[in-house]
Amino acid sequence: MKKISKRPESLKPVPFRFCAGCGHGLLHKFIAEIIDELGIREKTIGFAPVGCAVFAYDYFNFDVIESAHGRPPAVATAIKRLLPDRLVFTYQGDGDLAAIGTAEIIHAAARGENFSVIFVNNATYGMTGGQMAPTTLLGQKTTTTTKGRDKRMTGYPIKISEMLATLEGPSFICRTSLDSPKNVINTKKAIKKAFQYQLDKKGFSLVEVLSPCPTDWWMSPQEALPWMKKNMIPAFPLGVIKDKWEVGNGK
Amino acid sequence: MEKKLINKKVLMKGNEALAEAAIQAGCRFYAGYPITPQNEVPEYMSQRMPEVKGIFIQAESELAAINMIFGASATGARAMTSSSSPGISLKQEGISYLAGAELPAVIVNVQRGGPGLGNISGSQADYFQAVKGGGHGDYKLLVYAPWNLQELWDLTMKAFDKADEYRIPVMILIDGILGQMMEPLVQTSYKQPKLPKKEWALTGCAGREPNVIKSLYMGEGELEKRNYKLKEKYDRMKDTEVMYDSLYIDDSELIVTAFGIAARIASSAVKKLRKEGRKVGLFRPITLFPFPEKEIEHICKGNRRFLTIEMNMGQMVEDVRLSVNGKAEVDFYGRPGGGTMTPEELYDVIKKYM
């Protein structure tokens, strides 16, 4: 019998402890598969972010650094500058990247630092129990916006990828989603492209991934995917937002 | 270009001296953010680092700078950041993480007056912040408080060795006066002692199991165990790393205790009083943590009294009182808010307490 799928070497043989329907497991698997495909497991330094994905160091079978909330782009800047031939990627949630760490991500992008960012946007603070995130949709109920996010009180969700794309520094910025098989495949392709850009020394790359959090959306996993398609994708349009190296692929 | 130094005597500014000493000690990563009175450090580093194939980054904030140090140190590089009081407050988050993750680093605080934005005069008001924690959690920094540029040069080099030896952040606590002043110093060459290999560093896991740098310990009892591990290091430092200096202690009736620039100003007054036959001495802690508590306890005998002089409202004096442990009277004289005392002023103050 032909083996068509197996656990990537870049993932340790331990079960994920994520909630049912969570996007982190898929993303971890993709990252591990891509690193295997590129043959760079022994040259990779990944990040364990503050939030549900903090246990990345239990799952990834390569060097991992855990950093303070919001600060991975500063930490990664130093690591990549000192070890320019390694693959360095941060993995950050929306609270991490688009709230407490806005300064760090903007300036790392502006400097065009040659590392990659996996930005997991699930429109909520997962680990702390579902508070309003900078990417929470208008009208979305969270534990700190129990009547739904009201723009008069809390303003508007931040489209961080579009913001970063206004800078000269970034090389590749793309938004994908985990709501359908097609978008899942595109997500993996985009992450691989981001990593390849880094290896080719093309500069800063970021893939924003819309990811389900059924637990803090108070839904079943089955309900979460159509909800994403109906509500999240219109607010956060998918596609390549910036690609410095591909002519005519600016939009 | 690597400048090899052969005990050259030079006239240098404090901030530049500490930056060059760091380069000589093998510091190859510096990140900082402008703040007076330490701006000469990033300015100097921006020119020198490229010459030695090191990395200089002007960070977007002190938060980013200390986290760049976190990343740099994790790769095994010798890394330093510097700032002044308000900026050091911002760095406290990162300092706590460095301590928690057991990463070596050197942090320089060229203190200015506080609280808040304060002013830009030299001050010693960050003693508590440096010595008693500053950031969250149970941790300690090794804190050096030099009083002249020669000592600043020597201790900056030593700071990198001790940071690596113990896997801890080390702080060099000076003030705006020492940072800005120029005086001669001998640029002694750096000799690295034998240090453990950085097998924990993140370099990619070629030929070994993956390494993890972290400060999160969620398992039952894990963090408690971790804290005891850190305590064991701090206890070891208390046994072996205490540094102090003293003048005319033996027959003194009054012992002035002071650190850094305040001790230097006080020493002029003490010397003058000695010439007049007054039985006064000076005791100067060079490490503020570990504090020379046993040494102070040891000199605490007879009817001896202590007078602690600081450029703050009374911070180190608490540690002097703890060391004396009720066995002697301890008085305090201080100038807060960037106020600097003159030798003449301290001559009068000390005389009053005799």
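Parameters at a glance
Per chain, residue numbering runs from 1 following the sequence as it is written. Written order determines the labels here, with chains lettered from A and ligands numbered from 1. Per-residue local features are limited, in this predicted model, to residues with pLDDT of at least 70; the limit for side-chain atom pairs, both in listing and counting, is 80 or more; totals at the level of whole chains, interfaces and linings are taken over all residues. Water and hydrogen atoms were dropped before computing side-chain values, which therefore reflect all heavy atoms in the structure. In DSSP terms, a helix is any run of H or I states spanning at least four residues, a strand is any run of E spanning at least two, and both are numbered starting from the N terminus. Each residue gets one of three labels from its accessible area relative to the maximum for its type: buried under 20%, exposed over 50%, partly exposed in between, using a 1.4 Å probe on protein chains only. Here, residues are in contact when the closest pair of their heavy atoms is within 4.5 Å. To measure how exposed things are, a 1.4 Å probe is used in the Shrake-Rupley method; for residues, cover is taken only from the protein chains shown. Under the convention used here, Asp and Glu are negative, Lys and Arg are positive, and both His and the chain ends fall outside the count. The location of each charge is read from NZ of Lys, CZ of Arg, CG of Asp or CD of Glu. Working convention: axes come from line fits to C-alpha atoms, limited for helices to the stretch in contact. Angles between N-to-C directions cover 0 to 180 degrees. Under this scheme an angle from 65 to 115 degrees is roughly perpendicular, one under 35 degrees roughly parallel, and one over 145 degrees roughly antiparallel; angles in between are oblique. Rotating anticlockwise by less than a right angle from the far helix to the near helix defines a left-handed crossing, while the corresponding clockwise rotation defines a right-handed one. Under the scheme applied here, ten amino acids are nonpolar (Ala, Val, Leu, Ile, Met, Phe, Trp, Tyr, Cys and Pro), four are charged (Asp, Glu, Lys and Arg), and all others, including Gly, are polar. Note on pairing: DSSP must find at least two bridges between two strands before they are called paired. These domain limits were set by an automatic method or by a database of domain assignments. In short, buried area is how much 1.4 Å probe accessible area vanishes from two parts on joining, totalled over both. Salt bridges, as used here, are contacts in which a Lys or Arg side-chain nitrogen is within 4 Å of a carboxyl oxygen on Asp or Glu. The term polar contact refers here to a pair of N or O atoms within 3.5 Å; inside protein, the definition further demands a hydrogen-donor-capable atom paired with an acceptor-capable atom, and it admits residues adjacent in sequence only when both atoms are side-chain atoms. Between rings of Phe, Tyr and Trp, where Trp is taken as its six-membered ring, a pair exists when centres lie within 6.5 Å; planes separated by under 30 degrees are stacked, by over 60 edge-to-face, and by other angles tilted. Only when the NZ of Lys or the CZ of Arg is both within 6 Å of the ring centre and within 35 degrees of the ring normal is a charge said to sit over the ring.

Helix and strand counts for chain B come out as twelve helices and 15 strands. Along the first, second and third principal axes, the C-alpha set of chain B runs to 70 × 50 × 40 Å. By the burial criterion, 59% of the 354 residues in chain B qualify as buried. Contacts in chain B between residues at least 24 apart in sequence constitute 79% of all its contacts with a sequence separation of at least 6. Put simply, chain B shows about 14200 Å² of open surface, and 51% of that area lies on carbon and sulfur atoms. Each charge class in chain B was averaged separately, 46 positive and 44 negative side chains, and the resulting centres sit 4 Å apart.

Take the packing of helix 3 (residues 72–82) of chain A against helix 3 (residues 62–74) of chain B next. It is the contact of helix 3 of chain A with helix 3 of chain B, at a shortest axis distance of 7 Å, that shows an interaxial angle of 45°. It follows from the interaxial angle that helix 3 of chain A and helix 3 of chain B lie oblique. Seen from above, helix 3 of chain A lies across helix 3 of chain B with right-handed handedness. Across the interface between the two elements, Ala74(A), Val75(A), Thr77(A), Ala78(A), Ile79(A) and Leu82(A) of helix 3 of chain A pack against Ala64(B), Asn67(B), Met68(B), Phe70(B), Gly71(B) and Ala72(B) of helix 3 of chain B. Of the residues that constitute the contact of helix 3 of chain A with helix 3 of chain B, the class distribution is nine nonpolar, three polar and no charged.

Attention shifts here to the sheet that holds strand 1 (residues 44–48) of chain A. Reading across the sheet, the eight strands line up as 9(A)-7(A)-8(A)-4(A)-3(A)-1(A)-2(A)-9(B) and stay open at both edges, with mixed pairing between neighbours. Among the strands making up the open sheet, the edge pair consists of strand 9 (239–243) of chain A together with strand 9 (212–213) of chain B. Sheet analysis places strand 2 (residues 63–66) of chain A next to strand 9 of chain B, joined by two bridges and oriented parallel. Counted as the bridge partner of Ile65(A) is Ile213(B) from strand 9 of chain B. Taken strand by strand, helix 8 (residues 181–199) of chain A contacts strand 3 (87–93), strand 4 (116–121), strand 7 (172–177), strand 8 (205–210) and strand 9 of chain A, and its axis lies near 160° from that of strand 7 of chain A.

Residue and element names in this part refer to chain A. Here strand 8 lies mainly inside the structure; six of its six residues are buried. With burial as the criterion, each face of strand 8 is covered, one bearing Ser-205, Val-207 and Val-209 and the other bearing Leu-206, Glu-208 and Leu-210. Here strand 4 runs beside strand 8; their pairing, made up of six bridges, is parallel. Counted as the bridge partner of Phe-119 is Glu-208 from strand 8. Two strands pair when backbone bridges link them, and strand 7 and strand 8 are joined in this way by six bridges, in the parallel orientation. The partner of Ile-173 across the bridge, within strand 8, is Leu-206.

Residues and elements named next belong to chain B. Along its sequence, chain B is organised into domain 1 (8–240) and domain 2 (245–352). On a C-alpha basis, the centres of domain 1 and domain 2 stand 28 Å from each other. Contact residues are listed per partner, giving 34 residues for domain 1 and 29 residues for domain 2. In this assembly, domain 1 packs against domain 2 so that about 2600 Å² is buried in total across both faces, 59% of it on carbon and sulfur atoms. Three residues, Gln-124, Tyr-127 and Trp-147, lead the burial of domain 1 against domain 2; their summed loss comes to 34% of the area buried on that side. The interface formed by domain 1 and domain 2 includes four salt bridges. For Lys-294, the salt bridge goes to Asp-239, with nearest N and O atoms at 3.8 Å. Inspection of the domain 1/domain 2 interface yields 15 residue pairs in polar contact (both at pLDDT 80 or more). Counting residues per element, the ones that place at least two in the side of domain 1 that touches domain 2 are helix 5 (127–131), strand 6 (142–144), helix 6 (149–166), strand 7 (169–175), helix 7 (176–180) and helix 8 (222–240).

Residues and elements named next belong to chain B. Counted residue by residue, strand 12 (residues 280–285) has six buried out of six residues, so it is predominantly covered. Of the two faces of strand 12, the one holding Val-280, Leu-282 and Arg-284 and the one holding Gly-281, Phe-283 and Pro-285 are both buried throughout. When strand 10 (residues 244–247) meets strand 12, the two strands line up antiparallel, connected through four bridges. Counterpart to Leu-247 in the pairing with strand 12 is Leu-282.

Frequently, the measure chosen for interface size is the accessible area removed from exposure when the parts meet. Counting residues at the interface gives 31 residues for chain A, matched by 35 residues for chain B. Buried surface at the junction of chain A and chain B, both sides included, amounts to about 2600 Å², of which 65% is carbon and sulfur. Contact with chain B buries area across many residues of chain A, yet Asp63(A), Glu66(A) and Leu82(A) alone supply 23% of it, more than any other trio. Applying the counting criterion to the chain A and chain B interface returns three salt bridges. Taking the shortest distance from any N to any O, the salt bridge between Arg71(A) and Glu93(B) comes out at 3.0 Å.

Next up on the list: the packing of aromatic side chains. Summed over all chains, the structure comprises 16 aromatic pairs over all chains. Taken together, a centroid distance of 6.4 Å and an interplanar angle of 90° make the contact between Tyr234(B) and Phe289(B) edge-to-face. Pair noted here: Tyr234(B) is in helix 8 and Phe289(B) is in strand 13 (residues 287–289), with a separation of 55 residues, a long-range link. Exposure remark for Tyr234(B): the relative accessible area of 8% places this residue in the buried category. Taken together, the ring pairs in this structure connect Phe60(A), Phe62(A), Phe89(A) and Phe195(A) into an aromatic cluster. Across from the ring centre of Tyr217(B), 4.5 Å away, lies the NZ or CZ of Lys214(B), which sits over that ring.

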